[in-house]
Amino acid sequence: MAYCGVASRRKAEEYIRSGMVKVNGVVVTKMGTIVTEADNVELNGKPVRIEKNKIYIMLHKPREYVTTVRDPQGRKTVMDLVQGINERVYPVGRLDYDTSGLLLLTNDGELAYKMTHPSYEILKVYVATVEGHPSQETIRSLESGIRIDGYVTAPAGVKVIEKYKDRTKLEITIHEGRNRQVRKMCEAAGHPVIMLKRIKLGCLSLNGLKSGQWRFLTQREIKKLKGMM
Ligand code: URA
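Each residue is numbered by its place in its chain's sequence as written, counting from 1. Where local features are concerned, this predicted model is filtered to residues with pLDDT of at least 70; where side-chain atom pairs are given and counted, the filter is 80 or more; whole-chain, interface and lining totals use all residues. Think of the side-chain values as coming from all heavy atoms in the structure, minus any hydrogens and water.

Within the chain, the secondary structure is distributed over 5 helices and 15 strands. Its C-alpha atoms give the chain principal-axis dimensions of about 65 × 35 × 35 Å. Across the 229 residues in the chain, those meeting the buried criterion constitute 41%. Of the accessible surface of the chain, which amounts to about 13200 Å², a share of 47% is contributed by carbon and sulfur atoms. Both charge centroids of the chain, one from 39 positive and one from 25 negative side chains, sit 3 Å from each other. Every helix listed is a DSSP run of H or I at least four residues long, and every strand listed is a run of E at least two residues long, numbered separately from the N terminus. Between buried and exposed lies partly exposed: a residue is buried under 20% and exposed over 50% of the maximum accessible area for its type, with that area taken using a 1.4 Å probe on protein chains only. Note that accessible areas follow from Shrake-Rupley with a 1.4 Å probe, and for residues the cover is restricted to the protein chains shown. His is not counted, nor are the chain ends; Lys and Arg add positive charge and Asp and Glu add negative charge. Note on charges: their place is set at NZ of Lys, CZ of Arg, CG of Asp or CD of Glu.

In C-alpha cells:
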C-alpha cells in the first residue's frame, strides 16, 4: 500500500492490523503478505490501484558511481544500486562521478523534466569541503554570483559549517544545475572542492539514508514535490 501511495508504511500496517484490508475479498492481517498486480486489494472497501507506472526513488549515491543507465567505460552506475525494481527508472539530473548524495530516480518523465528545468528553480543543497579558508569577501562573491564558463552564476546561499586546519566545510545552496557547477564555483573562488555531497533536492532531504541505500519516496514527499511545480 505504501508503494501504491495510499498510506505511509506505518499507517498501512495499522490498517492491516485493524482488518481494513482485503486481498481478493478476504481480510488480511498478516504483515508482508505478497500481492501482485493480478490480486484485488481493497482498503475499507475501496480498490487500491497499483500505480505501476509511477515510481519515485531516493538514492544515496556513493562516490565512484556514474549517473547514467549504462557506462561505455564499464564503470559502476547508479542503476547497479537500485536493483529489484520492476519498472525502468532514470536518474533525474546528474551527480558527478566523485559527488555523493541525494539522487532522485523515477519513470515520471513530466516530473523529471520539471525538476531539471531551470524555470522551476528547484533548490539543491550541497556540503562542499574545500581547500583553504574562504574569506568573507570570497563567500560574498560566491553568494552574489561568480564568473564560470563565461557567465555569472545566479545568487546562491553559502554558509560555513566547520573550519579545519587547511580546509573548510561549506553548505552551498543553488537553484541552477549547470555541469559541475559547485566545483567550478569553488574553483573560480580559489578554493577547489575536495569533497562534495548533495543533501537536499527541493523538499527532499537525504537525512538518515546511508550511502548506497535507496528508498521509495513517501506519498507526502511525492505530493510536496509535485506541489512545488
Ligand atoms: N555541482 C557539481 O559540481 N557537481 C555535482 O555533482 C553537482 C553539482
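On we go from here.
The next point concerns the side chain of Thr138. Note on placement: Thr138 falls in helix 3 (residues 136–144). Within the structure, Thr138 has its side chain in polar contact with the side chain of Ser135 (distance 2.9 Å). What Thr138 contacts, discounting residues up to four positions off in sequence, is Ala189 and His191. Whenever a nitrogen or oxygen atom comes within 3.5 Å of another N or O atom, the pair is scored as a polar contact, on the condition that within protein one atom can donate a hydrogen and the other can accept it, and that pairs from neighbouring residues in sequence are kept only if both atoms are in side chains. When checking whether two residues touch, look at their non-hydrogen atoms; a contact exists if any pair is within 4.5 Å.

Turning to the site of the ligand, a few remarks are in order. Neighbouring the ligand are the residues Leu95, Asp96, Thr99, Tyr126, Arg180, Gln181, Val182, Arg183 and Leu196. Backbone polar atom of Val182 to a nitrogen atom of the ligand: 3.2 Å apart, as the coordinates give it. Here an oxygen atom of the ligand and a backbone polar atom of Arg183 are 2.9 Å apart. Here the ligand has 240 Å² of accessible area as a free molecule, and 96% of this is covered by the chains. Here a residue is considered near a molecule or strand provided that any single heavy atom belonging to it is located within 4 Å of it.

All right, on to the layout of surface pockets then. Put simply, the grid is 1 Å and covers the protein atoms alone, a cavity is a trapped set of points that fit a 1.4 Å probe, a pocket is an open set with protein on both sides within 12 Å along at least five of seven lines, and lining residues have an atom within 4 Å of a point. Grid points are joined across faces, edges and corners, and a volume is the space filled by probe spheres set on the points. Of the voids in this model, the second largest pocket is the one considered here, and its volume is about 450 Å³. For the second largest pocket, the lining is made up of 26 residues, of which Arg94, Lys124, Tyr126, Gly177 and Arg178 are closest to its centre. Looking at the lining of the second largest pocket, the elements that each hand over two or more residues are helix 2 (109–116), strand 8 (124–131), helix 4 (181–188) and strand 13 (193–201). Three classes are used, and their members are as follows: Ala, Val, Leu, Ile, Met, Phe, Trp, Tyr, Cys and Pro are nonpolar, Asp, Glu, Lys and Arg are charged, and the others, Gly among them, are polar. Tallied by class, residues from the lining of the second largest pocket come to 10 nonpolar, 8 polar and 8 charged.

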